[in-house]
Amino acid sequence: MSETISDTVIRRLSVDDVGVFRDIRLEALSLEPGSFASLHEDWASLRKLDWRKRLEQPVFVAFLNGQPCGMMALRFQQARKMMHRATLTSVYVRKADRRKGIAADLLGAVANHARGLGVVQLEIGVSVENSVAIRFYQRNGFGRVGRIPRGFRDNGTSSDEVLMMLPLDKMQE
């Protein structure tokens, strides 16, 4: 499945794209370590089989001029009473390609995919210190629904996690 929005091609990765996934994910974790709950070294040591397994849930990558420049993944709830919800993860756009609408393009593709599977609510947790991300999600229809004190902990330093939600059943396709 590919979707073209502006000059960007958004594509859901398949297990055959494990190299693309590995490269863009490790780049994100290396260049923007404060933006993720995961650590670069944890992902860098994964075996190819583990990378493929991670692609069982949807991972979308933005390509600009044929090169990957951003990504966004979905993690679905497994409990039957929560299957209407999905969590955005691994959100990243290369610094040189920001402010071009790529993150919004990715979000649109991911939201459309989730909606097509019956998901009515996208959720994300963002560090309170990441005001740029919080503003992006607010501009794109997310609302704050909670806050977890000390939700992130890195090298002995804690920061709160802001919980945000986007209702997909009220969005226009």
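The shown structure was predicted, so the numbers you read here are calculated from the model rather than taken from an experiment. (Residues numbered from 1 in each chain as written. Predicted model: local features only at pLDDT ≥ 70, side-chain atom pairs only at ≥ 80, totals over all residues. Heavy atoms only, no water.)

(A) Quick look at the overall build of the protein chain. When helices and strands are tallied, the protein chain shows 5 helices and 8 strands. Taking 2.2 N^0.38 as the reference for a compact globule, 173 residues should give roughly 16 Å; the C-alpha atoms of the protein chain span a radius of gyration of 16 Å, in line with that estimate. Each principal axis of the C-alpha atoms in the protein chain carries an extent, and together these give about 40 × 40 × 35 Å. The 173 residues of the protein chain split such that 39% are buried. In the protein chain, the proportion of contacts linking residues at least 24 apart, taken out of those at least 6 apart, comes to 58%. Averaged over its 26 positive side-chain charges, the protein chain has a centre that lies 3 Å from the centre of its 20 negative ones. (Helix = DSSP H or I, 4+ residues; strand = E, 2+ residues; numbered from the N terminus. Rg over C-alpha atoms; globule rule 2.2 N^0.38 Å. Buried < 20%, exposed > 50% of the residue type's maximum accessible area, 1.4 Å probe, protein only. Contact = heavy atoms within 4.5 Å. Lys, Arg positive; Asp, Glu negative; His and termini not counted. Charge placed at Lys NZ, Arg CZ, Asp CG, Glu CD.)

(B) Molecular detail of the confidence of the model for the protein chain. Averaged over every residue, the pLDDT of the protein chain is 90; residues scoring 70 or more account for 95%. Note that pLDDT drops below 50 for residues 1-5; the model gives that stretch 14 contacts with residues more than four away or on any other chain. (pLDDT = per-residue confidence, 0-100.)

(C) View of the pattern of salt bridges. A full pass over the atoms with the stated rule returns 8 salt bridges. Of the charged contacts in the structure, one is a salt bridge between Asp17 and Arg11, with a shortest N-O distance of 2.8 Å. On the basis of relative accessible area, Asp17 is assigned to the buried category, the value being 13%. Arg11 gets classed as partly exposed once you look at its relative accessible area, which sits at 24%. The residue Glu27 makes a salt bridge to Arg94 at a minimum N-O spacing of 2.7 Å. (Salt bridge = Lys/Arg side-chain N within 4 Å of Asp/Glu carboxyl O.)

(D) Molecular detail of unusual backbone geometry. For Ser90, which is not glycine, the phi torsion reads 55 degrees and is therefore positive. Mapped onto the elements, Ser90 comes out in strand E5 (residues 85-93). The class for Ser90 is buried, based on a relative accessible area of 10%.

(E) Spotlight on the pairing of strand E7 (residues 143-154). Bridging between E7 and strand E8 (residues 157-167) involves 8 bridges; their strand directions are antiparallel. If you follow Ile148 over to E8, its bridge partner there is Glu161. Adjacent in sequence and paired antiparallel, E7 and E8 are bridged by 2 residues, among which Asn155 carries a positive phi angle near 50 degrees. (Pairing = 2+ DSSP bridges.)

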